[in-house]
Amino acid sequence: MDTFDAGAGSILRQPTAVWATAGASVVAFMGIGLVDPILPSIAEGLDANASQVSLLFTSYFLITALAMLVTGFVSSRIGGRKTLLLGLAFVVVFAGLAGTSDTVGQLVGYRAGWGLGNALFVSTALAVIVGAAAGGSAAAILLYESALGLGMACGPLVGALLGDASWRFPFFGTAFLMAIGFLCIAVFLKEQPKPARRTSLLDPVRALGHGGLASAAVSAFFYNYTFFTVLAFTPFVLNMTPYKSGAVFFAWGVLLAVFSVLVAPRMQRRFGSLKVLGGSLVLLAADVLVLGYGDHTTAIVCTVLSGAFIGVNNTVYTELALGVSDAPRPVASAGYNFVRWFAAAAAPYFAPKIEEWTDIHVPFVVAAVTAALGAVVVLVRRRALTHQAQELEPAHATEDSVTVFAD
């Protein structure tokens, strides 16, 4: 299915509730890359080193990973609307508190609370958009993926614009925008029917007993280590002003969005999902290796270029994970995300540590190796992944999913 099979008219003519949820989704995904351009400023403002500041990502994604076991449990009991509002409330409170931090420890703790809120929100947003959208699931998915791409692209830019005055302002700005999102959803979104079957806390773990889903999750774990080495460690390597760093990661986010929404589906139809994924992982490994050993200009180019490979990988991984097993898609997605987000928590912690133990090049060597390992898992486990890869339908594979994120 082409992501753009839905006509532009049906995409744009959506109920107010859909636009409210999509708008809040943009801000939610902005929160992932928001701190990128201001990491050096935060380190300077709080008298912290790179390892300490990188814990902003570690705490955020560690809580996000653990929350994947909880989100389905919560939403299947209180409903999508209340889950969205609960998640938004957490983000508003903890993003606002993050801006008041006096120590890096406080900031890391508040970022963890933010991660819980974001997990509750993004794990429910797509299902809510699909349920409330006009024009079928294709239009709803396109709208959601566009919101994801726009948020990933704009996060670093907003962080740079607000963070140039003070590293605190991006946190206050996020809290303000999410508060607006909270009010819009509270006013415009009606409660949708609850699922017929309640999700238990162990359902996502049980779903990982399926060989294909476990293979996708393990491969994505290695890939996410590479992804978040680029996202969380590269700003320290580039060592640029917030404006310049924000521009670099804005370009990175634009490539991510374009390749995720436009390029990946076309490549999948032409070459097949597993070939596209394996090839993209190998190219990403080569890209981060050059990034680590190139001069400053080369590092900038490779950082931006990595967005293309990351965009392709995010799309293919999500569709594989959500279609390879017989588990309900929200459950399969929760199990898959539970595994892969641990790598997103590990990379920001270990990359600066590896630099301290060795030199600035080695973290990128490790990232290149993990991307290659992701490709090896796809190659070795291709039989377990082939069933879904042969008959990939993105609309079916994602309409009930938790989230890409980055999918």
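It should be emphasised that the depicted structure is a prediction, and the values quoted were computed from it without experimental measurement. (Residues numbered from 1 in each chain as written. Predicted model: local features only at pLDDT ≥ 70, side-chain atom pairs only at ≥ 80, totals over all residues. Heavy atoms only, no water.)

Q: Hey, could you run me through the overall build of the chain in this one?
A: Scanning the chain from N- to C-terminus turns up 17 helices and zero strands. A buried classification covers 59% of the 407 residues belonging to the chain. Across the chain, contacts joining residues at least 24 apart in sequence account for 88% of those joining residues at least 6 apart. Summed over all atoms, the accessible surface of the chain reaches about 14,800 Å², with 67% contributed by carbon and sulfur. (Helix = DSSP H or I, 4+ residues; strand = E, 2+ residues; numbered from the N terminus. Buried < 20%, exposed > 50% of the residue type's maximum accessible area, 1.4 Å probe, protein only. Contact = heavy atoms within 4.5 Å. Areas by Shrake-Rupley, 256 points an atom, 1.4 Å probe, with all protein chains shown as cover.)

Q: Before we go on, may I ask you to explain the environment of Ala43 in this structure?
A: You can see Ala43 is positioned in helix H3 (residues 39-45). Classification of Ala43 as buried rests on a relative accessible area of 10%. Distance from Ala43 to Ser54, taken between C-alpha atoms, is 9.3 Å for residues 11 residues apart in sequence.

Q: Is there a simple way to explain the confidence of the model for the chain in this structure?
A: Any region with low pLDDT has predicted coordinates that should not be read closely. For the chain, per-residue confidence averages 84 on the pLDDT scale, and 89% of positions sit at 70 or higher. Across the chain, the secondary-structure element scoring lowest on mean pLDDT is helix H17 (residues 394-398), at 41, and the one scoring highest is helix H15 (residues 362-380), at 97. The low-confidence segment residues 1-9, where pLDDT is below 50, has 18 contacts with residues more than four positions distant or belonging to other chains. (pLDDT = per-residue confidence, 0-100.)

Q: Can you help me understand the pattern of salt bridges in this one?
A: Oppositely charged side chains are able to pair whenever their charged atoms sit close together. Applying the stated criterion across every chain yields a total of one salt bridge. Taking the shortest distance from any N to any O, the salt bridge between Asp203 and Arg206 comes out at 3.1 Å. Of this pair, Asp203 and Arg206 both sit in helix H9 (residues 203-207), separated by three residues, roughly a single helical turn. The exposed category is assigned to Arg206, whose relative accessible area is 55%. (Salt bridge = Lys/Arg side-chain N within 4 Å of Asp/Glu carboxyl O.)

Q: Please clarify how the nonpolar core should be interpreted in this entry.
A: Nonpolar side chains in soluble globular proteins tend to end up buried together. Judged by nonpolar contacts, the single largest core of 114 residues is most densely connected at Ile42, Phe61, Phe121, Phe171, Ile185, Phe228 and Trp252. Among the elements that make up this core, the one with the highest residue count is helix H10 (residues 211-238) (14 residues). Discounting chain neighbours no more than four positions away, the residues touching Phe121 are Thr21, Ala24, Ser25, Ala28, Leu84, Gly87, Leu88 and Ile185. (Core = buried A, V, L, I, M, F, W, Y, C linked by side-chain atoms within 4.5 Å.)

Q: What should I look at first to understand the packing of H10 against helix H13 (residues 296-323) in this one?
A: How two helices sit against one another is set out by the angle between their axes and by the gap between those axes. It is the contact of H10 with H13, at a shortest axis distance of 10 Å, that shows an interaxial angle of 155°. The orientation of H10 relative to H13 falls into the category roughly antiparallel. Where H10 crosses over H13, the two elements pack in a sense that is left-handed. Residues Leu213, Ala216, Ser219, Ala220, Tyr223, Phe227, Val230, Thr234 and Leu238 of H10 form the contact with H13, whose own contacting residues are His296, Ala299, Ile300, Thr303, Ser306, Ile310, Asn313, Asn314, Tyr317 and Ala321. (Axes fitted to C-alpha atoms, helices over the stretch in contact; angles between N-to-C directions. Parallel < 35°, antiparallel > 145°, perpendicular 65-115°, else oblique. Left-handed = near helix turned anticlockwise from the far one by under 90°.)

Q: What am I meant to see in unusual backbone geometry here?
A: Among all residues save glycine, negative phi is the norm, and among peptide bonds the norm is trans. Unusually for a residue other than glycine, Asp47 sits at a positive phi of about 55°. One non-glycine residue, Asn239, adopts positive backbone phi at about 50°. For Asn239, the position within the fold is in the loop between H10 and helix H11 (242-271). By relative accessible area, which is 59% here, Asn239 ends up exposed.

Q: Just to check I follow, could you spell out the packing of aromatic side chains for this structure?
A: Any two aromatic rings considered together are summarised by their centre-to-centre distance and by the angle between their planes. For the coordinates displayed, the defined rule picks out 18 aromatic pairs. A ring pair is formed by Phe61 and Trp341, whose centres lie 5.0 Å apart and whose planes are at 15°; its orientation type is stacked. One end of the pair, Phe61, is in helix H4 (residues 50-78); the other, Trp341, is in helix H14 (residues 329-357), with 280 residues separating them in the sequence. Residues Trp167 and Phe171 carry aromatic rings whose centres are separated by 6.1 Å and whose planes lie at 80° to one another, so their mutual orientation is edge-to-face. (Phe/Tyr/Trp six-rings, centres within 6.5 Å; stacked < 30°, edge-to-face > 60°.)

Q: Help me understand helix H6 (residues 104-132) in this model?
A: Given 3.6 residues per turn, any residue in an α-helix points the same way as the ones three and four places further on. For H6, which comprises 29 residues, the first-to-last C-alpha distance of 41 Å matches the rise-based estimate of 42 Å (1.5 Å per residue) to within 8%. Most pronounced at Ala125, the bend in H6 amounts to some 35°. Most of H6 is tucked away, with 21 of its 29 residues classed as buried. (Expected span 1.5 Å × (residues − 1). Bend = angle between axes of the 7 residues up to and from the residue.)

Q: Sorry, what's going on with the environment of Ser41 here?
A: By the element assignment, Ser41 lies in helix H3. Residues Ser41 and Val53, 12 residues apart in the sequence, show an inter-C-alpha distance of 9.9 Å. Setting aside anything within four residues of it in sequence, one finds Ser41 in contact with Trp167 and Pro242.

Q: Got a minute to help me understand the side chain of Thr83 in this structure?
A: Residue position: Thr83 is located in helix H5 (residues 80-98). On the basis of relative accessible area, Thr83 is assigned to the buried category, the value being 0%.

Q: I would appreciate a short explanation of a nonpolar patch on the surface in the present structure.
A: A cluster of nonpolar side chains, namely Leu157, Leu161, Tyr243, Phe250, Val254, Val258 and Leu262, defines an oily patch on the protein surface of about 520 Å² accessible area. At the level of secondary structure, the elements contributing two or more residues to the nonpolar patch comprise helix H7 (136-163) and H11. Of the residues forming the nonpolar patch, the biggest block, five residues, is contributed by H11. Summarising the element assignment, Val258 is placed in helix H11. (Patch = residues over 30% accessible without salt bridge, like charges linked within 9 Å, V, L, I, M, F, W, Y side chains within 5 Å.)

Q: Would you mind showing me how to read the environment of Met240 here?
A: Within the secondary structure, Met240 is located in the loop between H10 and H11. Using a relative accessible area of 16% as the deciding quantity, one classes Met240 as buried. Residues Met240 and Pro40 lie 200 residues apart in sequence; the distance between their C-alpha atoms is 8.5 Å. Not counting residues within four places of it along the chain, the set of residues in contact with Met240 comprises Ser245, Val248, His296 and Ile300.

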